[in-house]
Amino acid sequence: MALPSARELFSKISHRMPKREWMDIPVEIKPGRYCYPANPKSLEYVGMPYARQWSPLDEDWKLPENWMEIIRTGMRDRLDRFRTFKIFMDICVRCGACADKCHFFIGTGDPKNMPVLRAELLRSIYRGEFTTAGKILGRFAGARKLTEEVIKEWWYYFYQCTECRRCSLFCPYGIDQAELTIIGRELTNLLGLNTDWIATPVANCYRTGNHLGIQPHAFKEMIEFFCDDIEEVTGIRPEPQFNKKGADILFITPSGDVFADPGTYTCMGYLMLFHYLKEEYGLDVTWSTYASEGGNFGFFTSHEMMKRLNAKMYMEAKRLGVKWILGGECGHMWRVIHQYMDTMNGPADFLEEPVNPITGTKFENAKSTKMVHITEFTADLIKHGKLKLDKSRNDNIILTYHDSCNPSRGMGLLEEPRYIIKHVCNHFYEMPENTIREQTFCCGSGAGLNAGEIEELRFLGGLPRANAVKHVHDKFGVNMLACICAIDRAVFPPLMDYWVPGVDVTGIHELVGNALILPGEKERETNLRGEPLPGKEG
Amino acid sequence: MDLYSLLREKKKTILNNWLDDLLSSYPPESAQFFKSNPNQFSNPVGNTFRLNLEKIYDELLQDKCSEKLPEWLDGIIRIRSLQELHPSLSLNFAFSLKKIVWNSLKKEIKKHNLYEDYYKFSQRIDELLGLAFDIYMQCREKIWSQKANYINSRVHKLLERAGYIKEVEAF
């Protein structure tokens, strides 16, 4: 038989997508769009079920024999336990207000990344399994059958949501897509379907105290290594305290600040601030090599795992006998603290209601959790004139500020970071209004998605944020993006390098560290990165 | 009557068809969103496509393209090269301009015997394609060089921390 001509072949190629209902479009698991499955050892370590080797590209995902019963029971249980889940399953009118608010939909153009449709993946099964209309009318009532394909689709798309809650902001009913993603992930976890970038950090946090499994002596060494660098820059060597019983304040920060640039410079900023406050006001802060991770990867796993990993913060505070806890620049750590910790592991009645011992300010919002965000703490110090700052040291920086999703939308921390910025930096420009504060765009890598294997997906998820940065870069010459989240600090440098070359990334306390005039310091020649200060370039 | 006058006259129709053709590689719901939302911050993909196609088109109508042309192409290709599209589909928008111009102007081209002009314009599109390939590869190489640099730097740092590397000290 003669081969078809090129013309015939090309005539059959269509670049148009088929017009089909979403239920009729089978999920296509594509490499580069999913995180690798969990290492079974990590699951076993924390007692999670059905740990096994499996591949998302295989037809057979080796589900347990009674997987349908597990899912039905799991859903029923959660519908009973979580009123929000039950309500969110029932009340969506599919108005579509959320549809174009998700950074993954905006970047990828995959309709199943519309929050409404991502929720519909779960809702259609709820209708089919738990509602009379759905059981009788089936698809007509928006219901579908529970099949292995559905499970695959859940796993694929619930790990393409960063639980940033931007969509929830626009939902007239306040449906919280993050909660649906959490439940969706819990259900897949019941079948042993997890991702390694979450499961192994969970096991590490549970065993060693932080997500990389940095052991206590190494954690201490790394911080001392930063003290060497600070001494080189300032001539002053901070002497941080570790696991000190009876200290006033326990400081907990994401471990990313300890090992990943540029978060390490933020960590130096903390060390310098604490040194300053100790020298000037006698503030007694301790670090912990046990509670050495603020981030809570349990949050991306299940409510139970979140509670389990969070518990160590209060346990360590109790063990050390501190008055209250100060928390570093982290994202989801703060959502867990602000919205869950008090209910899950409180009341922390063994701690005192946080008062800044230097200014006397009562942190009313932290009255119950007993945990204060470091930007609130530092902003309060600045407000009361307790810090000597030379903001001209940051004059090489033309700054913009990214509201990290969880501190901004999750806890309303909008003004404090900006207040600090304005006191440590002379050149600050906001990004457009619909991309900051409550409407901030996610970095595209939160909620356990910061895995190398899905970098390209993350770059598309981060496009709306990068696009707004590009705007201020082009308009005002912005060359630095500040943020208060360790995931942001880890993912923004390559994201900026791809979309907006020429923009670097910093934490707020790196800027504070550069501006802070330490008692007895030498004349500084460089910033914390070893780059010449303005006017010292020669 | 010359082709370039026609291209200017029919600019709106041609650009509209060109954008529709580009968006046809997305599911209908997404294409609709990309096309309808005019806000450059809440719809960066659609707006980049719309604005940059027009700028590219305007450049092609100049006697000599400006240095800005690669920038306009880059805006579109930087996005398309990540959207799990095959290279040919990523750059299909550059190929398709010939088809769109032909479909829009074939009557006039035939009537006024503008084949030579059309041939010359086609050559410009071919040059545009060459440039598009270069930019596509730059985008892909950027991604992979980032990955390679990350691994190299991680290994180096681990060796350094473990004390296996000793840098040369100054005399």
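Our subject in this report is the structure included herewith.

Calculation criteria
Residues numbered from 1 in each chain as written. Chains lettered and ligands numbered in written order. Predicted model: local features only at pLDDT ≥ 70, side-chain atom pairs only at ≥ 80, totals over all residues. Heavy atoms only, no water. Axes fitted to C-alpha atoms, helices over the stretch in contact; angles between N-to-C directions. Helix = DSSP H or I, 4+ residues; strand = E, 2+ residues; numbered from the N terminus. Left-handed = near helix turned anticlockwise from the far one by under 90°. Contact = heavy atoms within 4.5 Å. Nonpolar A, V, L, I, M, F, W, Y, C, P; charged D, E, K, R; others polar. Salt bridge = Lys/Arg side-chain N within 4 Å of Asp/Glu carboxyl O. Buried < 20%, exposed > 50% of the residue type's maximum accessible area, 1.4 Å probe, protein only. Parallel < 35°, antiparallel > 145°, perpendicular 65-115°, else oblique. Phe/Tyr/Trp six-rings, centres within 6.5 Å; stacked < 30°, edge-to-face > 60°. Lys NZ or Arg CZ within 6 Å of the ring centre and 35° of its normal.

## Some words on the packing of helix α4 (residues 44–61) of chain B against helix α5 (residues 69–80) of chain B
Residue and element names in this part refer to chain B.
Then, number 1: Axis separation between α4 and α5 bottoms out at 9 Å; the angle between their running directions is 150 degrees. Crossing of α4 over α5 shows left-handed handedness. Counted together, V45, T48, F49, N52, L53, K55, I56 and E59 of α4 and L69, E71, W72, L73, G75, I76, I79 and R80 of α5 form the full contact between these two elements.
Then, number 2: Residue composition of the contact of α4 with α5, by class: nine nonpolar, three polar and four charged.

## Overview of the environment of N43 of chain B
Then, number 1: Turning to its location among the elements, N43 of chain B is positioned in the loop between α3 (28–36) and α4.
Then, number 2: With residues up to four places along the chain from it excluded, the contact list for N43 of chain B reads F33, F34 and N37 of chain B.

## Some remarks on the pattern of salt bridges
Then, number 1: In this structure the tally under the stated criterion is 49 salt bridges over all chains.
Then, number 2: A salt bridge links R81 of chain A to D77 of chain A, with the shortest nitrogen-to-oxygen separation between them at 3.2 Å. Linking R81 of chain A with D77 of chain A, this pair stays in helix α3 (residues 67–81), spanning four residues, or about one helical turn.
Then, number 3: Two residues, K98 of chain B and D126 of chain B, come together in a salt bridge whose shortest N-O distance is 2.7 Å. With K98 of chain B in helix α7 (residues 92–111) and D126 of chain B in helix α8 (residues 115–161), this residue pair connects regions lying 28 residues apart in the sequence.
Then, number 4: Looking at K98 of chain B, the relative accessible area reads 26%, which means it is partly exposed.
Then, number 5: The partly exposed category is assigned to D126 of chain B, whose relative accessible area is 37%.
Then, number 6: Linked by salt bridges that have partners in common, D77, R78, R81, E186 and E304 of chain A make up one network.

## Section: the packing of helix α22 (residues 486–499) of chain A against α8 of chain B
Then, number 1: Relative orientation of the contacting elements α22 of chain A and α8 of chain B amounts to 160 degrees, with a least axis distance of 10 Å. Overall, the two elements α22 of chain A and α8 of chain B adopt an arrangement that is roughly antiparallel. Between α22 of chain A and α8 of chain B lies a crossing of right-handed hand. From α22 of chain A, P494, D497 and Y498 of chain A reach across to α8 of chain B, where they touch C139, K142, I143 and Q146 of chain B.
Then, number 2: Considered class by class, the residues forming the contact of α22 of chain A with α8 of chain B number four nonpolar, one polar and two charged.

## Overview of the packing of aromatic side chains
Then, number 1: For the structure on display, the rule yields 30 aromatic pairs over all chains.
Then, number 2: Aromatic pair F34 of chain B and F49 of chain B: ring centres 6.5 Å apart, planes at 70 degrees, arrangement edge-to-face. With F34 of chain B in helix α3 and F49 of chain B in helix α4, this pair connects stretches of sequence that are 15 residues apart.
Then, number 3: Here the basic side chain of R166 of chain A rests over the ring of F441 of chain A, its NZ or CZ set 3.8 Å away from the ring centre.
Then, number 4: Taking NZ or CZ as reference, R78 of chain B lies 4.8 Å from the ring centre of Y498 of chain A, over its face.

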